[in-house]
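Structure at a glance
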Amino acid sequence: MFEVLMYLFENYMDGSVALKADPDTIFSELEQVGFHRYEIGRALDWLDGLTKAQETAQTSPPFTPQALRHYSAEEGERLGVEGRGFILYLEQLSILDPMTREVVIDRLMALDFREVDLGRIKWVVLIALFNQPDKKSALSLLQDMILSDAFDVLH
């Protein structure tokens with residue numbers, strides 16, 4: 001499913017999570033590229049969940065900047081120490097605010113257990129920030145961070 005999300009992100013998404021083409025066209029193209037119907041459906045459902053999570057976050061009472069996040073046992077196990085540490089690091093850098101953090105955690109929990117690692121956490125944060133016009137500076141910082149990590153691997 002994650003590969004389908006990456007393909008959609010790279011080929012269809014503009015400034016919002018709404019895809020630029022109709023769902024039947026997207027579904028058909030994804031099948032032609034070689035993705036399985038089940039994975040395509042899961043990816044499109046995941047994107048719908050992202051939209052709903054962001055709408056809920058916008059209408060919920062705001063968190064205070066001092067709000068602490070206590071992870072459930074399932075969240076802690078799925079995200080791991082490294083993932084939780086990375087999310088906290090992004091909050092400390094003001095890349096994530098508490099509301100966006102909750103959206104990211106919601107979408108990470110919607111992935112299969114085996115699909116959650118540090119690289120994918122970065123991509124989920126990137127997708128979540130990409131869909132929020134008021135988060136463009138945070139998005140830029142994260143993109144720079146991801147690109148610099150990629151270049152470090154190459155050298």
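Everything below is about the structure shown above.
The text that follows walks through the structure, step by step, so that each part is easy to find. (Residues numbered from 1 in each chain as written. Predicted model: local features only at pLDDT ≥ 70, side-chain atom pairs only at ≥ 80, totals over all residues. Heavy atoms only, no water.)

1. Some details on the environment of Pro62
Note on placement: Pro62 falls in the loop between helix H3 (37–59) and helix H4 (73–92). Overall, Pro62 belongs to the exposed group, its relative accessible area being 71%. Counting along the chain gives 37 residues from Pro62 to Met99, while the straight-line C-alpha distance between them is 7.3 Å. (Helix = DSSP H or I, 4+ residues; strand = E, 2+ residues; numbered from the N terminus. Buried < 20%, exposed > 50% of the residue type's maximum accessible area, 1.4 Å probe, protein only.)

2. Thoughts on helix H6 (residues 118–130)
Taking 1.5 Å per residue as the helical rise, H6 with its 13 residues ought to reach 18 Å, and the 18 Å between its terminal C-alpha atoms agrees with that figure. Across the 13 residues of H6, 10 count as buried, placing the element largely inside the fold. Turning to H6, its buried residues number three or more, namely Arg120, Ile121, Lys122, Val124, Val125, Leu126, Ile127, Ala128, Leu129 and Phe130. (Expected span 1.5 Å × (residues − 1).)

3. Remarks on the packing of aromatic side chains
Tallied over the entire structure, the rule returns 3 aromatic pairs. Consider the rings of Tyr7 and Phe35, whose centres lie 5.7 Å apart with planes at 65°: the pair is edge-to-face. Note that Tyr7 is positioned in helix H1 (residues 2–11) and Phe35 in the loop between helix H2 (23–33) and H3, a separation of 28 residues in sequence. Between Phe9 and Phe130, the ring centres sit 5.1 Å apart and the planes meet at 70°, which makes this aromatic pair edge-to-face. Placement of the pair is Phe9 in helix H1 and Phe130 in helix H6, with a sequence separation of 121 residues. Owing to a relative accessible area of 14%, Phe9 belongs among the buried residues under this scheme. (Phe/Tyr/Trp six-rings, centres within 6.5 Å; stacked < 30°, edge-to-face > 60°.)

Purely spatial values, then, with no claim about function.
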